[in-house]
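Structure assessment
Next come the chains, spelled out residue by residue.
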Amino acid sequence: MRIIDAKVIVTCPGRNFVTLKITTDEGVTGLGDATLNGRELAVVSYLRDHVCPLLIGRDPARIEDIWQYLYRGAYWRRGPVTMTAIAAVDTALWDIKGKYAGMPVYQLLGGRSRDGVTVYGHANGESIPEVLDEVARYVELGYKAVRVQAGVPGLASTYGVSADKMFYEPADARRPTENTWSTPQYLRMVPELFAAVRERFGPDLHVLHDVHHRLTPIEAARLGASLEEYHPFWLEDPVPAELQEGFRLIRQQTTTPIAVGEVFNSIWDCQRLITEQLIDYIRTTVVHAGGITHLRRIFDLAALHHVRTGSHGATDLSPVCMSAALHVDLAVPNFGIQEYMRHSTLTDEVFPHGYRFEDGYLHPSEEPGLGVEIDEELAGRYPYDPAYLPVNRLTDGSMHNW
Ligand code: GCO
Ligand code: MG
């Protein structure tokens, strides 16, 4: 079998998605997600101009070799653009291998380690009572885990809070929206939010929260300690993770579990946090961490160090990525939880897929491969529409982390 075509499809059914479609001489096709929110066209060019031409004529069965060829062959290693492009190729090749074998991809990864993939949804609201009503909707739908984000009193807008509820779109403007941030006000709000959630929903619901890289280690330690009595499932991205020794300080001060890694793109970004047991959950996912091949390598390293998986699953990761993530989640021994932000109906129509939600769990498709396709005709009706994530400033105007 040989690769005869590698095509990049850009579509905007409400938000932008980049998809790689690989076709073989036997007519088997495979899909890979290549969406890098707000920087989409950089990956499109990397693929179209530098990767697709190199794929033609290659044997699609040689997934590991093609991965190494693209990684080592670029000379310029790692980085979100490179690793997203490699991920798209890798994912498409796993899809092809599954179709060729007549098996869902999770079977090729060693088969099921569990019955279903526990997912968490996003409950958000301007005020704490609004968040509680949103949590109630998820609980009614059967969710066992919910992420809670509330508006910070005194601030015009807060990360994770939006008018849309079951899904929301942070990349919402042609030029980045400017948000304002106040750490003292935020640190007062979060324990109140957790107290209210526990009071209304009791001890069993798993409750998560995303700090979205806004604190320093000492502030994160204080927040973690103040939440312990409400036993959060995790505190996500408490600080930006470039300076990883900062996590030791958080660790020494609190038993609140820590989740990090949605912006990481290689095992080398995760290595220290994992091997020094500075985190509890690793958030890397298929599209931004080099595909199924590389993600599995990260998860295996994590398994050796008591770190469980908690893959990123926001709306900017397409149904192709979600399908692939579910196959990995079902197979790995150290699965923890999967984020599941629902896509819009239109996105689901552009990417028909067989995964399904039932009683708090997602189940991947049983079809051969990943079980997701793209309706190219429909995709073609929604051309690329540039959109940026917001930026964030402190109340005195200084740039902060969004
Ligand atoms: C999450 C993430 C997202 C990101 C988004 C950026 O935990 O779901 O933090 O909300 O901000 O994926 O593109
Ligand atoms: Mg996050």
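See above for the structure.
Since the structure is predicted, the reported quantities are computational estimates derived from the model, not experimental observations. (Residues numbered from 1 in each chain as written. Chains lettered and ligands numbered in written order. Predicted model: local features only at pLDDT ≥ 70, side-chain atom pairs only at ≥ 80, totals over all residues. Heavy atoms only, no water.)

Digging into the state of the cysteines
Enumeration according to the criterion identifies zero disulfides in this entry. Of the cysteine sulfurs around Cys-12, a residue in no disulfide, the closest is that of Cys-321, at 18 Å. For Cys-12, a relative accessible area of 11% gives the class buried. Cys-321 carries a free sulfur, and the closest cysteine sulfur to it, the one in Cys-270, is 15 Å from it. (Disulfide = S-S within 2.5 Å. Buried < 20%, exposed > 50% of the residue type's maximum accessible area, 1.4 Å probe, protein only.)

Topic: the pairing of strand E6 (residues 178-181)
Burial along E6 is one-sided: the face carrying Asn-179 and Trp-181 is buried and the face carrying Glu-178 and Thr-180 is not. Here E6 pairs with strand E15 (residues 391-394) via four bridges, running parallel. Bridge pairing in E15 links Asn-179 to Asn-392. (Helix = DSSP H or I, 4+ residues; strand = E, 2+ residues; numbered from the N terminus. Pairing = 2+ DSSP bridges.)

Topic: the sheet that holds strand E3 (residues 29-33)
Across the sheet, which stays open at both edges, the three strands sit in the order E1-E2-E3 with antiparallel pairing between neighbours. Bordering the open sheet on either side are strand E1 (3-11) and E3, each of which pairs with just one other strand. Ignoring which end each strand starts from, the neighbouring axes of this sheet average 20 degrees apart. Here strand E2 (residues 17-24) pairs with E3 via five bridges, running antiparallel. Its bridge partner being in E3, Thr-19 is matched across the sheet by Asp-33. Across the sheet, helix H1 (residues 40-55) touches E1 and E2, and the angle it forms with E1 is around 170 degrees. (Axes fitted to C-alpha atoms, helices over the stretch in contact; angles between N-to-C directions. Contact = heavy atoms within 4.5 Å.)

Things to note about the packing of aromatic side chains
Taken as a whole, this structure holds 12 aromatic pairs when the rule is applied. Where Tyr-75 meets Trp-76, the ring centres are 4.9 Å apart and the plane angle is 75 degrees; that geometry is what we call edge-to-face. Here the aromatic rings of Tyr-138 and Tyr-143 are separated by 4.8 Å at their centres, their planes lie at 85 degrees, and the arrangement is edge-to-face. Both residues of the pair, Tyr-138 and Tyr-143, belong to the buried class. Taken together through their ring pairs, the aromatic side chains of Tyr-120, Phe-233, Trp-234 and Tyr-281 make up a single cluster. We note Arg-58 situated over the ring of Tyr-69; from NZ or CZ to the ring centre the distance is 3.9 Å. (Phe/Tyr/Trp six-rings, centres within 6.5 Å; stacked < 30°, edge-to-face > 60°. Lys NZ or Arg CZ within 6 Å of the ring centre and 35° of its normal.)

Considering the site of ligand 1
With respect to spatial proximity, 16 residues lie near ligand 1, and among them Tyr-159, His-212, Glu-262, Asp-316 and Glu-339 are the closest. A distance of 3.0 Å is found between an oxygen atom of ligand 1 and a side-chain nitrogen or oxygen belonging to Asp-210. Between ligand 1 and Glu-236 there is a distance of 2.9 Å, counted from an oxygen atom to a side-chain nitrogen or oxygen. Surface burial for ligand 1 is 95%, taken as the share of its 340 Å² of free accessible area covered by protein chains. Considering only residue class, the shell around ligand 1 consists of five nonpolar, four polar and seven charged. (Near = heavy atom within 4 Å. Polar contact = N/O pair within 3.5 Å; in protein donor to acceptor, adjacent residues only side chain to side chain. Areas by Shrake-Rupley, 256 points an atom, 1.4 Å probe, with all protein chains shown as cover. Nonpolar A, V, L, I, M, F, W, Y, C, P; charged D, E, K, R; others polar.)

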